[in-house]
Amino acid sequence: MKLVKTLLAASLGALIAASAASAVQAKQITIGFSQIGAESEWRTANTNDVKAAAKAHNINLKFSDAQQKQENQIKAIRTFIAQKVDLIGFVPIVATGWDNVLREAKRAKIPVLVMDRDLTVSDPSLYVAKIGTDSVTEGKKAFEWLDDYVTKNNIKPRNGGDKLNIVILEGTVGASATTGRAKGFNTALKNSPNKDRYKILASQTGDFTRQKGQEVMESFLKSYRNDIDILFAMNDDMALGAIQSIEAAGLKPSKDIIIVSVDGVKGIFQAMKDGKSNVTVECNPLQGDLFFTTAEKILKGESVPKSVFVEEGVYPAEKAAEVLPTRKY
Ligand code: AHR
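**Describing the nonpolar core**
In a soluble, globular protein the nonpolar side chains are often hidden away together inside. In this structure, L146, F185, Y198, M217 and L231 are the most contacted members of the largest nonpolar core, which totals 54 residues. Broken down by element, this core gets its largest block of residues, six residues, from helix 8 (residues 236-248). What Y198 contacts, discounting residues up to four positions off in sequence, is F143, L146, D147, V150, K163, L164, I166, L189 and I230. By size, the runner-up hydrophobic cluster in this structure holds 40 residues, among which are I74, I77, L87 and V304.

Written as structure tokens, this is what we have:
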């Protein structure tokens, strides 16, 4: 009898849970999403993917473009709270400065799901989870590919000195994609048995844009035209801008200056195919499906891991012609 009662209680419980879940499913979910802007080919692909995935998941998406300003993201999040959306998603343009607005979301009982970049908050319960990319690993992969390439091809400094000179185009100041890639790259360099082979000559932000990448590379070349051996650009757009400056300075990109960048957009595959760049470390912008799948789980009360990473590869120039037609972004 006791067993029958237990079984009856269990099936009643399951029935209540199932009908609560289908009630959640029946109501269309509204998600407010604050995007950084449109600074790069990568970001445009990320935005397009978020919008397409929202449609595929039948989500009512309130999309807001912050035009590169954290204050606009904070305003958008406050608007989403006032609109009582079911969940808030955002890409933190910089890592810090989110505590107050996320506390407001928490008080309003609206879960927050972070996409792409990391953030630093005083209380980790201010957001449920982050899905996106692993920028430290991207920086590490970039240096490891470079070190291997230099060794295998016995690359020597152009100026006849004893160090291979590296210049770095950094991303947006304070963004986790910048600090993470710098950390991964510098740590791998420090730990390399070949570390004495390299010198970082200059490092400056190009803000993840093609135009600034071009401008900053132009100024690097004015100071060190005959000394630069390697460019590490923290995204493909800055590398593409830099290629224009390298050519304008009468040098051959990928030959006189080895170019390593991050993202994997079609533009850099074309440049590699044309013999103008050496490698791209993928940073996958196609995060929309994972984002909305995770959001649906959160809204059903299911637990999700605090960090979920998307898959990312490394594509050297010799693969470019074969891979370019298959690239989705
Ligand atoms: O956060 C990802 C980075 O942001 C990408 O590398 C870059 O292209 C974008 O602007």
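The structure having been displayed, the exposition proceeds.
**Examining the pairing of strand 3 (residues 87-90)**
Residues L87 and G89 line one face of strand 3 and the alternating positions I88 and F90 line the opposite face, and both faces are buried. Where strand 3 and strand 4 (residues 112-116) come together, three bridges link them in parallel fashion. In the sheet register, F90 faces strand 4, and the bridge partner there is V114.

**Points about the site of the ligand**
The environment of the ligand is formed by E39, S40, W42, R43, D116, R117, A177, R181, F208, N235 and D263. One nitrogen or oxygen atom from the side chain of S40 is found 3.0 Å from an oxygen atom belonging to the ligand. Between the ligand and the protein, one listed contact pairs an oxygen atom with a side-chain N or O atom of R181 at 2.8 Å. Protein contact buries 100% of the 280 Å² of open area that the ligand shows by itself.

**Here's the deal with the environment of S307**
Tracing the chain through its elements places S307 in strand 11 (residues 307-309). As a C-alpha pair, S307 and D86 span 221 residues in sequence and 21 Å in three-dimensional space.

**Observations regarding the environment of A129**
By the element assignment, A129 lies in strand 5 (residues 129-132). When the C-alpha positions of A129 and M115 are compared, they lie 8.7 Å apart, and in sequence the two are 14 residues distant.

**Here's the deal with the sheet that holds strand 12 (residues 314-316)**
Within the open sheet, the six strands sit side by side as 7-6-8-9-10-12. Their pairing is mixed. Two strands in the sheet have a free side with no partner beyond their single neighbour: strand 7 (198-205) and strand 12. Going from strand to strand, the sheet's axes swing by 15 degrees on average, the running direction of each strand aside. Two elements, strand 6 (residues 164-170) and strand 8 (residues 228-233), share five bridges in a ladder whose sense is parallel.

**Examining the sheet that holds strand 1 (residues 30-35)**
Strand pairing in a sheet takes place through backbone hydrogen bonds and is either antiparallel or parallel in direction. Taken in spatial order, the six strands line up as 2-1-3-4-5-11 in an open sheet, and their pairing is parallel. Here the strands that pair on one side only, and so sit at the sheet edges, are strand 2 (60-65) and strand 11. Sheet twist, expressed as the average angle between the axes of neighbouring strands with direction ignored, equals 20 degrees. Sheet topology places strand 5 next to strand 11; three bridges connect them, and they run parallel.

**A closer look at the packing of helix 8 against helix 9 (residues 266-273)**
Viewed as axis vectors pointing N to C, helix 8 and helix 9 meet at an angle of 40 degrees, and their least axial separation amounts to 9 Å. The orientation of helix 8 relative to helix 9 falls into the category oblique. Here helix 8 runs over helix 9; the crossing is left-handed. Each of D236, A239, L240 and I243 in helix 8 lies in contact with helix 9, whose residues at this interface are G267, I268 and A271.

**Examining the pairing of strand 8**
Among the six residues of strand 8, six are classified as buried, and the element is accordingly described as predominantly covered. Where strand 8 and strand 9 (residues 258-263) come together, four bridges link them in parallel fashion. Of the residues in strand 9, the one forming a bridge with A233 is S261. Regarding topology, helix 8 serves as the crossover connection from strand 8 to the parallel strand 9, and that connection is right-handed.

**Section: helix 7 (residues 210-224)**
Since one α-helical turn is 3.6 residues long, residues separated by three or four positions face the same way. If you check helix 7, its first and last C-alpha atoms are 21 Å apart, about what 15 residues at 1.5 Å a residue would give, namely 21 Å. Among the residues making up helix 7, those that are buried are G213, V216, M217, F220 and L221. The arc enclosing the buried residues of helix 7, seen along the axis, measures out at 145 degrees, which places them on a common side. Away from its buried face, by an angle of more than 90 degrees, helix 7 presents the exposed residues Q211, K222 and S223. The inward-facing, buried residues of helix 7 contact strand 6, strand 7, strand 8 and helix 8.

**A few points about the side chain of T47**
By secondary structure assignment, the location of T47 is in helix 2 (residues 41-56). Setting aside anything within four residues of it in sequence, one finds T47 in contact with Q35, G37 and F63.

Reading guide: rules and limits
- Residues numbered from 1 in each chain as written.
- Predicted model: local features only at pLDDT ≥ 70, side-chain atom pairs only at ≥ 80, totals over all residues.
- Heavy atoms only, no water.
- Core = buried A, V, L, I, M, F, W, Y, C linked by side-chain atoms within 4.5 Å.
- Buried < 20%, exposed > 50% of the residue type's maximum accessible area, 1.4 Å probe, protein only.
- Helix = DSSP H or I, 4+ residues; strand = E, 2+ residues; numbered from the N terminus.
- Contact = heavy atoms within 4.5 Å.
- Pairing = 2+ DSSP bridges.
- Near = heavy atom within 4 Å.
- Polar contact = N/O pair within 3.5 Å; in protein donor to acceptor, adjacent residues only side chain to side chain.
- Areas by Shrake-Rupley, 256 points an atom, 1.4 Å probe, with all protein chains shown as cover.
- Axes fitted to C-alpha atoms, helices over the stretch in contact; angles between N-to-C directions.
- Parallel < 35°, antiparallel > 145°, perpendicular 65-115°, else oblique.
- Left-handed = near helix turned anticlockwise from the far one by under 90°.
- Right-handed = clockwise from strand over helix to strand, strands pointing away.
- Expected span 1.5 Å × (residues − 1).
- Arc of directions from axis to C-beta.

Any link to function would need more than the numbers given here.
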